[in-house]
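Below, each chain spelled out in residue letters.
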Amino acid sequence: MSAAATTIAHEVPPQAGPRAFLHRLRQGDEIAHLITLTFAAVILLLTSMLVYELWVNSHLSRTAFGWSFFWTKVWDPNFDNFGAAPFIYGTLVTSAVALVLAVPLGLASAIFLSELAPRNISDVISFLIDLLAAVPSVIYGLLGIFIVVPLMRTTIGPLLINTVGNVPYIGVLFRGPNYGVGFLTAGIVLAIMVVPFIISVSREVLLTVPREQREAAMALGATRWESTWQVVVPWARTGIMGSVFLALARALGETMAVTMVIGNAAAIKASLLAPGDTIASTIANQFTEATGDLYLSSLIELGLVLFLITFILNGLARILIVATERGGGRPA
Amino acid sequence: MSSLRIVWRKSLNYVMLTLTGVAAFAVVSVLFLILGYLLWNGGTSLSWNFFTKLPKPVGETGGGMANAIVGSLKLLFLAAVMGLPVGLLAGVYLAEFGGKTFSFIVRYTTDLLNGVPSIVIGIFAYSLVVLPVKHFSALAGGVALGIMVIPITVRSTEEFLRAVPGNMREAAMALGASKWKTIATVVLPAASGGILTGMLLALARVAGETAPLLFTAFGNRFWSQGWGQPIASLPVMIYTYAVAPYDDWHRQAWAAGLVLLALVLVSNLGARFILARSKAV
Amino acid sequence: MKKSLLVVWLMTLTAAIAAAQGGTVLLNAAGATFPYPIYSKWFDVYHTAHPNVQINYQSIGSGGGIRQLQAGTVDFGASDGPMTDEQLAQSKFKILHFPTVLGAVVPTYNIAGVTGELNFTQKALAGIYLGTITKWNDPEIAKANSGVKLPSADIVVVHRSDGSGTSYIWTDFLAKVSDDWKNKVGKAATSVNWPVGLGGKGNEGVTGLVKQTPNAIGYIELIYAVQNNIPYGKVQNAAGKFVKADLAGVTAAAAADAKSIPDDFRVSITNAPGPTVYPISSFTWLLIPAQIQDAAKRDAIKDFLKWMLTEGQKYNEGLSYAQLPKAVIVRETKAISLIQ
């Protein structure tokens, strides 16, 4: 008997070189790579075209004002003197307030919905919260006017003035006349608008954390909270941060709801109870009525400025993530 | 371990978990408040007329928003067709194929796009689709909304694709599947729940957008034929009616808000239902 | 690019649909929000009488109307303020102005303990909005309201946050009656750099703010005040009389200077002379291209204008807009023939 071992000849795919490429091609991988790459590139193309349009159409005001556009505090359509400073301030302040309110609230709710609530209740509630994202801006604005503004003027405002307003340093945030409309009100309305994004995405991400992680922590004697906060949440960190990015972006660009509750005064004030204005709100309010080329150009330049702010904030946030990378996250 | 420390940890546990429940309760209460307000103010305006008739001038009863309802559906359809594939495939690229620097740039740019005020996107779509042909159209509105749909879709697609455990992919590859086949038949279905959530969230967001439609879809008091004419939409109607002097129009605005929510609700339900069915099979 | 191909495909499709639709004339128009209620009424009634003509009007704002008209994306526009000389010079084609209705802007306020109508002198309104008059019991206000107990509270000024024709009319009036205003804030405009105050979006926003904020004052359209039963004050006119805004006073403002209205109808009638005139009144205009290529569209527009000047005016008062004075109607009817 021949003791020659019979081996089944597997076809081993070539590992490198042109034959490998052809093999991958035949397998369709290269095409898939190319197709998805193209679509990713479409996003770059769209954004570049957008920036280009903004750049070109703001030519008049850029040449007229130059860099002073950033720190001029006056916005005067009649005398053709335009400055973005009050709106930059308003945008940053309202977005900051919105995130300070929405992130803890949203994350806490997401944790509750993913870790503690029974699955079916969690699904229903989460579904309903997704609906909040569909409520038109205008309706948020109207609700702000009818509910939040009076509440701010009669109850919350005076309360803040009398308590925190007297604390040194921080108190300056809560002083002065209180009309009900202002930065704080706008921030609150924004917070309500962006919290669904945080909850929705964070909850889904928390749900994907493998059971083993939780169980391992509990096996080591951690309480439910410790397991959640020190193991599960860090694992889902990038997804949660992603949802915060979404929320931030929405807060920066929100127009209708903000414009109805912020008081529309082009001024920089320290107090959160004072009226102000944001970039998006100004553009939305004045664009449809603006005639006059310099006026239009300035409005478009405002859009460009907002783009720049978003660019910088995103960059800072990413640096923050990298700096706090301490391991314990999901392996990338 | 000292018993004091255990007591501290246990009470912290209790307190924090309760706080999360409070937070969730607060958010849900706000939601019910909003829904309740809409129902209270708009419920009385909902009638058969609302769903079937065209808008009437102020003072005349019997008007409705039939064209706006159909218009919103058409616009959302366009936005989905144009924006969702881009978002999905770009997300696939970022999660599965991407090179480090290019992916970073794409992600960064997507976040930037998300932050652009909706009116600026509307102006962009205006110069792209309306000015060259000198008339407003449903298509232009669809383009504007489609652009807005992309960022959320990309982010959630990438996030949930990444969440699919590595062993699933390896198992598929061990069975001889090529990379794209693995993605198409194993990874995507596994991540489909999260991805669908992202897509529905994106569509929900643009369903309520007014500003980008003002200069693109424009609005229409009549029925709009095809895709090349101005078209009515619920958010624009809400905007027009809410700032008008007439009580009747205000109530119609609330009713429209309610219908918009209902539309989103139904499409959400429908999509999840279909997904569940296809998964079960 | 994918999208431009779609556009081309769409153009052919649109042309095909247009051909198939045969006799229907579709007109798109954009512009002022102030006359939106009456325009929507007119276009609806006209459509019922002429089913093959559809006029789709969207109130995106006066400025928007002017720009879209110049860009060629709409067939005609509407504006609460007449186009300036510069705007007309910039336009690639000639644009005609046709006044349609008259409206007025009224001051509304919310002062604790004050239920009656206040009289506002011209100086008072200017001073309040300039920020030089800061308290309700300021002599300028008090001297015109001798029987009323005005509190020494700070005035909370409310203006429009969005650009609007209402602001245009208000600032036009203030610029005429106060040199300080004209120098500091400028001429009439839909959006200005307000020296003081909070902004509300739309008439609704201003009314809401005034209603909710004690000691507030704001300006809103007459139709808005009437339809919502909002109390408003009297304003002193050029003849020194305090007039409460009503339709008769508004029409009087237009009739007062009817002969001096220029042929192109671009005129401001705020602070018009005459004892019964309400001083913060204004026309609102339709902006029609002087040359319209499409014969069907041209005929439809001309016919609509004729209808508007005769039948249409009958609907004005029902919606709290004032009718055009007869002298103006006659001149406009003649001007229709300028459209070719």
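Visitor: Where do I start with the interface of chain A and chain C in this structure?
Guide: A common way to express how large an interface is: the accessible area buried when the components associate. Of the residues lining the interface, 25 residues belong to chain A; the matching set on chain C comes to 28 residues. Contributing elements (two or more residues each) for the side of chain A that touches chain C: β1 (75-76), α6 (137-162), α11 (256-261) and α12 (279-287) of chain A. Looking at the side of chain A that touches chain C element by element, the count peaks at four residues for α6 of chain A.

Visitor: Would you mind showing me how to read the interface of chain B and chain A here?
Guide: At the junction of the two partners, chain B supplies 73 residues and chain A supplies 74 residues. No other element matches the 18 residues that helix α1 (residues 3-42) of chain B contributes to the side of chain B that touches chain A. Broken down by class, the residue content of the side of chain B that touches chain A amounts to 49 nonpolar, 17 polar and seven charged.

Visitor: Please clarify how the sheet that holds strand β9 (residues 234-236) of chain C should be interpreted in this entry.
Guide: The pairing of strands in a sheet happens through backbone hydrogen bonds and is either parallel or antiparallel. Residues and elements named next belong to chain C. Strands sit in the order β5-β9-β10 across an open sheet of three strands; the sheet is mixed. Every other strand in the sheet has two partners, leaving β5 (119-120) and β10 (242-243) as the edge strands with one partner each. Examined bridge by bridge, β9 and β10 share two bridges and lie antiparallel to one another. Within the sheet, the bridge partner assigned to Gln236 lies in β10 and is Phe242.

Visitor: For this particular structure, what's the right way to read the packing of helix α5 (residues 119-132) of chain A against helix α7 (residues 183-208) of chain A?
Guide: For any two helices packed against each other, the geometry comes down to the angle between their axes and how far apart the axes lie. All names here are of chain A. Interhelical geometry of α5 versus α7 gives an angle of 140° and a closest axis separation of 8 Å. The handedness of the crossing between α5 and α7 comes out as left-handed. The segment α5 lies against α7, with Ser126, Ile129, Asp130 and Leu132 engaging Pro196, Ile199, Ser200 and Arg203. Here the contact of α5 with α7 is composed, by residue class, of four nonpolar, two polar and two charged.

Visitor: Even after reading the chapter, I still don't get the pairing of strand β11 (residues 281-289) of chain C, so can you show me in this structure?
Guide: Taken residue by residue, a regular strand's side chains alternate between the two faces of the sheet. Residue and element names in this part refer to chain C. The element β11 is extensively covered by neighbouring structure, given that nine of its nine residues are classed as buried. What you see with β11 is no split at all: Ser281, Phe283, Trp285, Leu287 and Pro289 on one side and Ser282, Thr284, Leu286 and Ile288 on the other are buried throughout. Across three bridges, the pairing between strand β3 (residues 76-79) and β11 is antiparallel. Bridging across to β11, Ser79 finds its partner in Trp285.

Conventions we followed
Numbering of residues starts from 1 in each chain and follows the order in which that chain's sequence is written. Whichever chain is written first becomes A and whichever ligand is written first becomes 1, with later ones labelled in order. Totals for whole chains, interfaces and linings use every residue, but because this is a predicted model, local features are given only for residues with pLDDT of at least 70 and side-chain atom pairs only at 80 or more, for both listing and counting. Think of it this way: build a C-beta for each residue from its backbone, and any pair within 7 Å is a contact. Numbering of helices and strands starts at the N terminus; helices are DSSP runs of H or I of at least 4 residues and strands are runs of E of at least 2. Just so you know the grouping, Ala, Val, Leu, Ile, Met, Phe, Trp, Tyr, Cys and Pro go in nonpolar, Asp, Glu, Lys and Arg go in charged, and all remaining residues, Gly too, go in polar. The pairing criterion is simple: DSSP has to find at least two bridges between the two strands. Helix axes are fitted to C-alpha atoms over the stretch in contact, other axes to C-alpha atoms as well, and angles between N-to-C directions run from 0 to 180 degrees. Here a crossing is called left-handed whenever its near helix is offset anticlockwise from the far helix by less than a right angle, and right-handed whenever the offset is clockwise. Buried, partly exposed and exposed are defined by the number of other C-beta atoms within 10 Å of a residue's own C-beta, namely 20 or more, between the two limits, and 12 or fewer respectively, with C-beta atoms placed from the backbone.

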